[in-house]
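Understanding the architecture of this molecule
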Amino acid sequence: TFVAFREPSFSLLWVNTFSFALVQGIQRFAFVWLALELSEGNRALGLVSFALGIPVLFISIPAGVLSDRGDRRQLLFGSQLLILLVTAMAAVFIFVDLMSVAAATGLALVVGVGIALGMPVRQAIVPSIVPPERLMNAITLNSLGMNISQMIGPAIGGGSIAIWGIGGCFVVQTVLLLTS
């Protein structure tokens, strides 16, 4: 069942992908919570959620082409660094009381761009580090890890908001991104 984990490169990628998807789940929850705190209407909620998701529609396919032609490690590192910086910036904006609906929407849009750039790269790396006879197992394990982390992420987000507030939730995301 776990034969793909015999490949050290895949194991490292899997841990990185799991933690990245975990942060993604926390971010979706946190940005929605932030929008609700910033505005009493549903308009901000829809705007921030839309900004977080729309880049995937427009950027994922070109990012997939770029990952086939470019240096995948640099693309993956760059997308994670972008999300790390924006997440840390969101925490700072919250703690210094500069966060607004416009700022949250802009930050969510940039996070969405980072996600749209990084996910195709992660998927393209798997066949290059796993032998063909273990590829289906690796794809299954990767998908399983991402799905589990997407379910756990909002719970961690809610727990961290309950303990440390919305700013603390963005700090938790930043720490998780730093360790992945």
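Residues numbered from 1 in each chain as written. Predicted model: local features only at pLDDT ≥ 70, side-chain atom pairs only at ≥ 80, totals over all residues. Heavy atoms only, no water.

1. What about unusual backbone geometry?
Of note, Asp97 is a non-glycine position whose phi angle comes to about 60 degrees, a positive value. Here Asp97 falls in the exposed class, since its relative accessible area comes to 69%. (Buried < 20%, exposed > 50% of the residue type's maximum accessible area, 1.4 Å probe, protein only.)

2. A short note on the side chain of Gln24
Assignment of secondary structure puts Gln24 in helix H1 (residues 8-38). Classification of Gln24 as buried rests on a relative accessible area of 7%. Excluding residues within four positions of it along the chain, Gln24 makes contact with Ile115, Met119 and Gln150. (Helix = DSSP H or I, 4+ residues; strand = E, 2+ residues; numbered from the N terminus. Contact = heavy atoms within 4.5 Å.)

3. Observations concerning the side chain of Asn137
On the secondary structure map, Asn137 appears in helix H5 (residues 135-179). Classification of Asn137 by relative accessible area gives buried; the value is 19%. A polar atom in the side chain of Asn137 sits 3.4 Å from the backbone nitrogen of Val3. Here the side chain of Asn137 touches Ala4 through a polar contact of 2.8 Å, landing on its backbone nitrogen. Excluding anything up to four places from it in sequence, Asn137 contacts Thr1, Phe2, Val3 and Ala4. (Polar contact = N/O pair within 3.5 Å; in protein donor to acceptor, adjacent residues only side chain to side chain.)

In short, shape yes, function no, at least from these values alone.
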